[in-house]
Each structure stands twice: as C-alpha cells, then as structure tokens.
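As a plain string of letters, each chain reads:
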Amino acid sequence: MGYRVGIIGAGLIGNKRAKALRSEDRLVAVADLSLERAQSLAETHQAQVESSWENLIERADIDVVIVATSNNAIPLCAARALKNKKAILIEKPGGRNPQELKGLLELEKETQQVARVGFNHRFHPALLKAKNMIEEGAIGEIMYLRARYGHGGRIGYDQEWRANPEISGGGELLDQGVHLIDLCRWLGGEFHLEYGRVHTFFWNMPVEDNGFLLLKSPDQKRFAHLHASCTEWKNIFDFEVFGKKGKLQVWGLGRSYGTEELRFYKVKPEMGVPDFFVDSFPEEDHSWELEWKAFIDSLEGKPSSISTLQDAYQALDIVYKAYQQSGNR
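The sections below set out a description of the structure shown in this document.

Cut-offs and rules
Residues numbered from 1 in each chain as written. Predicted model: local features only at pLDDT ≥ 70, side-chain atom pairs only at ≥ 80, totals over all residues. Heavy atoms only, no water. Helix = DSSP H or I, 4+ residues; strand = E, 2+ residues; numbered from the N terminus. Polar contact = N/O pair within 3.5 Å; in protein donor to acceptor, adjacent residues only side chain to side chain. Patch = residues over 30% accessible without salt bridge, like charges linked within 9 Å, V, L, I, M, F, W, Y side chains within 5 Å. Areas by Shrake-Rupley, 256 points an atom, 1.4 Å probe, with all protein chains shown as cover. Salt bridge = Lys/Arg side-chain N within 4 Å of Asp/Glu carboxyl O. Expected span 1.5 Å × (residues − 1). Buried < 20%, exposed > 50% of the residue type's maximum accessible area, 1.4 Å probe, protein only. Pairing = 2+ DSSP bridges. Axes fitted to C-alpha atoms, helices over the stretch in contact; angles between N-to-C directions. Parallel < 35°, antiparallel > 145°, perpendicular 65-115°, else oblique. Left-handed = near helix turned anticlockwise from the far one by under 90°. Contact = heavy atoms within 4.5 Å.

Examining the environment of Ser52
Alright, step 1. With respect to the helices and strands, the residue Ser52 is situated in the loop between strand 3 (48-49) and helix 3 (53-58).
Alright, step 2. Separated by 12 residues in the primary sequence, Ser52 and Val64 have C-alpha atoms spaced 16 Å apart.
Alright, step 3. At 3.1 Å, the side chain of Ser52 forms a polar contact with the backbone nitrogen of Asn55.

Pasting the structure below:
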C-alpha cells in the first residue's frame, strides 16, 4: 500500500525525508517559510506547493505529514496534524521541552493516530548489527555504555537558529545529545539522569556548546557516560557498549564522521588481549529509507524499531533535568 505524504519544512532534512519515500508512496505537497525552498523540493518530486503549513495539513489527499522544521514549530504543526487525523513523523527532538512533547502524547492517545519521531541513527547499519548482537548475547549482560558525539561548528554557528533558545530550546545536548540518550535506551534499556552539566566554553551564544551526562538504570546495574560537543573541531561519533563477555564499539557515521565501523572485542576465557573483529560499512547512508520503512510498519500495525513520542519525551526529559542541575532552567 502506498501513502500520500505532505512535508512541512523543505530544508536539508525535508529533502532527505522526501528522497527516502518508497516508490509506491507519493509526495503530494510541500510547505516552507521559504517559497523558493518549497518550490525546489516540490519540483524535484512532482509535488505541489502549499502557501501555508495549515493548508497542507487540511488537505484531504494527504495521509501522512512529515514535520521537518525548527524545534519551536514542530509541536504546533504536529498537534494540528493529529487533530486533522493525519499520521505524523516529526524530527527529533520533537519540541523544545518535555512539556511540549507531553501535549503531543495526550493528543496521540486522544486521536488514535500514529505519531513517531525521527531518530535515524537507530537505522545505521553498525548500530542495527550491534542491536542484534546484544540481543543474541554476544557481549553478555550489559554493564555500562560510553559515548561521544560532536562537531566543530562553522563560521556564524552562534548566529544560527540552533543558538537561539526561543527557537531551539537548548544547545548541543538537545541537538546531538538526544541521539546518544535515545541510543542508550534502545540498546541498554531504561535510564534516568544521575548527574548532568552543560557549559558554553567557546561559542558566543546563550545555549550550551557542551553537555556531560551520567545516566543510571532504575536498578542501578547499568550506567552510561555521555558527552555531546560542538567544540570537537573534527567531527566524531564513538559509541561503546560494555558487556561481561566483550565490548561493541560503533565508530563513525560516514562522510565527515569517518567510515562507519562496528568493532567487536570478545573476552577470552583466559582473559588477556581480547579477540578483535571489525565490520566496515563504507556504503551510502540508507538510514533515512530504513526509518521510513519502519514508520510504515508502525502505520500497518507491525513491530517496528522506530522511536515513539514516549521515547522522545524520555530523552528530552533527561536533557532538561541536566539543564536544571546546571542552573539553566
């Protein structure tokens, strides 16, 4: 079955979402504050341009609305779409604060519509394989996780919308850090914040350029140490899961983050230097297409690994508790 799709937000992510649609799906209409951007995306996919996002949502010939806007607009567009009986796929983090996501959770329940959140990192090949290996017991019982994710910014970064808390809701911890939190929960189970601090070291902006988290599981048997940064200078993604039988390390995400790899360190019975295996994934990033297929599975009532609104709420709740501990909220 094919689905008729409308996209709100014709920037980089909106274009990725459009490209990820299956051949049987159809992009019907696009809306963006920039008419030029909307026209460019619409022309590429033989779609129509709507003069407003409200008009797009109210179209009877659209089944699914993808919201790929800045953080402040996501909850507004998503709520309107749910009320109009549209299924929605919204971009992470889903809003500026947990309260905005709580409102969407209530609407999702009230309208009985499918609402999912785009955390596409779950669908990178190394992370998919890591998930399978963990479930198969390759590294045994998980003890702790450790992860770093960051970039070096660019000239004018502190003047972009992500540096404006009224639009973004927060800085690097909210932007890239939520990916790390979501992956921790997906791979290692439930986590809560034990300790969190954010700080602005370099960029002249009212949001953080670095965030540091220590998470713990409810039973206090698993911990996670996370660092999100936009003062890395060289882009980095490094995600490690430590079990009693070995360690899995996902290194890189492709492109400027380096070739994606899954490194497996297997503990020997006699201990010592572990056996080492590595899988490389140099191919083009297909996480967006895989996530869209997982969204379709959710629409059709099938099991799916795609993030839910509850997942996004839990991640954003951890971020905001770190802000509170840092005196930022």
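Describing a nonpolar patch on the surface
Alright, step 1. Among the surface-exposed residues, Phe201, Phe202, Phe212 and Trp233 lie close enough to one another that they form a single nonpolar patch of about 480 Å² accessible area.
Alright, step 2. Counting through the fold element by element, Phe212 comes out in strand 9 (residues 210-216).

Some remarks on helix 10 (residues 309-325)
Alright, step 1. End to end, helix 10 covers 24 Å across 17 residues, agreeing with the expected 24 Å (1.5 Å per residue, within 8%).
Alright, step 2. Counted residue by residue, helix 10 has 13 buried out of 17 residues, so it is predominantly covered.
Alright, step 3. Looking at the residues trailing helix 10, positive phi occurs at Gly327, about 80°.

Topic: the sheet that holds strand 13 (residues 260-266)
Alright, step 1. The strand order across the open sheet built from 8 strands is 8-9-10-7-11-12-13-14, with neighbouring strands paired in mixed fashion. The outermost strands of the open sheet, each flanked by one partner alone, are strand 8 (192-199) and strand 14 (275-281). Adjacent strand axes in the sheet meet at a mean angle of 10° when their direction is disregarded.
Alright, step 2. Where strand 8 meets strand 9, 7 bridges bridge the pair, whose relative direction is antiparallel. In the strand pairing of strand 9, Leu193 is matched with Leu215.

Some points on the packing of helix 8 (residues 172-188) against helix 10
Alright, step 1. Close contact between helix 8 and helix 10 brings their axes to 9 Å; oriented N to C, the two are set at 125°. Between helix 8 and helix 10, the angle falls in the class oblique. For the crossing formed where helix 8 meets helix 10, the hand is right-handed. Contact with helix 8, carried on its side by Leu173, Leu174, Val178, Ile181, Asp182 and Arg185, involves Asp311, Gln314, Ala315, Leu316, Ile318, Val319, Tyr320, Ala322 and Tyr323 of helix 10 and no other residues of that element.

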